[in-house]
Amino acid sequence: MTYQQTIQEIICELCRQFYMLGWASGTGGGICVRDGDKLWVAPSGVQKERIQPEDLFAVDFDGNVIHRPDNEKLKPSECTSLFLKAVNLRGAGAVIHSHSIHAMLATLVCGKEFSISEIEMIKGIQGMGFHDRLVVPVIENTAQECDLAEALGQAIEAYPKTQAVLVRRHGVYVWGPDWVKAKTQAECYDYLFRAAVEMHRLGISENTLAAHV
Ligand code: ZN
């Protein structure tokens, strides 16, 4: 019989992968995965690449902690109220918060929306094709992570098709119906953010690209 990883083990493995990608360095970033009527979240302010399954918290969909680790020094992720917006408003099964430098830089070369079209990786985002215009809302950063929750909820409601919200000078929140889709979408978004920043750096506009077709 093949061994089935627990959700807690998957979260720890993903945190190590995200750390290697630069999405969770310096204790930043985070992830939650839904498990029936609860969410598993990582602790706040710890090295994400070193967390163990027994360090995780479970919260209900109102944010009440229903399982806490034995280590009393640990606190649930600062991102929990933001994760819950995507879970409650969109039925997300997993939410990833990345401090990727590509996401952060993308917010410095756009206004209230990040937008891109005609790049193959757009197809990796739910409901999107190569010729569609992918639009991601950008919200302004706040001093405390939890203070982003209201603006994030408003952006999710204002952009019913989006699977991500960028936070200026900070990073991005990406979700999906399960952890696999949330992870692959987060990878596609990150590629697209990087592509847009590099195109900006190289002075390539989307119109320039179209002229070559
Ligand atoms: Zn953050």
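Please refer to the structure placed before this passage.
As a starting point, this report considers the structure included with it. (Residues numbered from 1 in each chain as written. Predicted model: local features only at pLDDT ≥ 70, side-chain atom pairs only at ≥ 80, totals over all residues. Heavy atoms only, no water.)

Where a metal carries four tetrahedral donors, each ideal angle is 109.5 degrees; where it carries six octahedral donors, the ideal angles are 90 or 180 degrees. Coordination sphere of the zinc ion, protein contribution only: His97 (NE2), His99 (NE2), Glu145 (OE), Glu145 (OE) and His170 (NE2), at 2.1 to 2.7 Å. Considered as a linear motif, the donors of the zinc ion on their single chain read H-x1-H-x45-E-x24-H. Separated by 25 residues along the polypeptide, Glu145 in the loop between strand 7 (133–139) and helix 4 (149–158) and His170 in the loop between strand 8 (164–167) and strand 9 (171–176) bring together distant segments of the chain. A residue is classified by how much of its surface remains accessible, and His170, at 11% relative accessible area, is buried. (Donors = N, O, S within 2.8 Å, 3.2 Å for Na, K, Ca; no water. Helix = DSSP H or I, 4+ residues; strand = E, 2+ residues; numbered from the N terminus. Buried < 20%, exposed > 50% of the residue type's maximum accessible area, 1.4 Å probe, protein only.)

For the rest of this paragraph, the subject is the environment of Gln5. Examined against the element boundaries, Gln5 turns out to sit in the segment before helix 1 (7–20). If sequence neighbours within four positions are ignored, Gln5 has contacts with Ile10 and Glu13. A distance of 2.7 Å separates the side chain of Gln5 from the side chain of Glu13, its partner in a polar contact. (Contact = heavy atoms within 4.5 Å. Polar contact = N/O pair within 3.5 Å; in protein donor to acceptor, adjacent residues only side chain to side chain.)

This paragraph deals with the environment of Val46. The topology assignment puts Val46 in the loop between strand 2 (38–41) and strand 3 (57–59). The class for Val46 is buried, based on a relative accessible area of 19%. Sequence separation of Val46 and Lys75 is 29 residues, and the distance between their C-alpha atoms is 9.5 Å. Excluding residues that lie within four positions of it along the chain, Val46 makes contacts with Thr27, Ile51 and Leu74.

Any link to function would need more than the numbers given here.
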